[in-house]
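Residues per chain, in single letters:
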Amino acid sequence: MKLFSTILADFTEKDWQDVKDEIKEFIIDQFKEMWRDYNLWDCDAVEGRVAERMNDYIDTEIQRLLRKDEVKKMIIQEIINQINREVKR
């Protein structure tokens, strides 16, 4: 521990700035590598994943809406209206 303290005692402000810069660069490189590993640079892959999740969300919401009685009644009424229009022709 004393050796470590001795080494750090000789650090200048510039040395500390260099260390900070290297740490920042290391962190940025790690993020870039992670993004590449998970295909986040591939716009088509990202768009596909977003679209897939959006479609799942829309399906879930539509199913939730269709379970409501008011929506069922409205859909049934619209079907009856369309049938009546066809019969009148």
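These figures come from a predicted structure and were not determined experimentally.

Visitor: Go over a nonpolar patch on the surface with me, naming the residues and quoting the values.
Guide: Taken together, the side chains of M54, Y57, I58, I62, L66, I75, I79, I83 and V87 present a nonpolar region at the surface, about 820 Å² in accessible area. Put simply, the parts of the chain that give the nonpolar patch at least two residues each are α3 (43-66) and α4 (69-88). Checked against the element boundaries, Y57 lands in helix α3.

Visitor: Explain the pattern of salt bridges to me, using residue names and the numbers behind them.
Guide: One pass over the full model with this rule turns up three salt bridges. D18 is paired through a salt bridge with K14; the nearest N and O atoms lie 3.2 Å apart. Of this pair, D18 and K14 are both found in helix α2 (residues 13-37), four residues apart, which corresponds to roughly one turn of the helix. Overall, the relative accessible area of 31% leaves D18 in the partly exposed class. A relative accessible area of 56% places K14 in the exposed class. Across the pair R64 and E61 runs a salt bridge, and its minimum N-O distance is 2.8 Å. A residue pair is termed a helical-turn pair when its members lie 3 or 4 positions apart in one helix, as R64 and E61 do in helix α3 at three residues. Taking the relative accessible area as the measure of exposure, R64 reaches 38% and is therefore partly exposed.

Visitor: Run through a negative patch on the surface, naming residues and quoting values.
Guide: On the surface, D21, E22, E25, D29, E33 and D37 cluster together into a negatively charged patch. Looking at the secondary structure, you find D29 in helix α2. The class of D29 is partly exposed, set by a relative accessible area of 39%.

Parameters at a glance
Residues numbered from 1 in each chain as written. Predicted model: local features only at pLDDT ≥ 70, side-chain atom pairs only at ≥ 80, totals over all residues. Heavy atoms only, no water. Patch = residues over 30% accessible without salt bridge, like charges linked within 9 Å, V, L, I, M, F, W, Y side chains within 5 Å. Areas by Shrake-Rupley, 256 points an atom, 1.4 Å probe, with all protein chains shown as cover. Salt bridge = Lys/Arg side-chain N within 4 Å of Asp/Glu carboxyl O. Helix = DSSP H or I, 4+ residues; strand = E, 2+ residues; numbered from the N terminus. Buried < 20%, exposed > 50% of the residue type's maximum accessible area, 1.4 Å probe, protein only. Lys, Arg positive; Asp, Glu negative; His and termini not counted. Charge placed at Lys NZ, Arg CZ, Asp CG, Glu CD.

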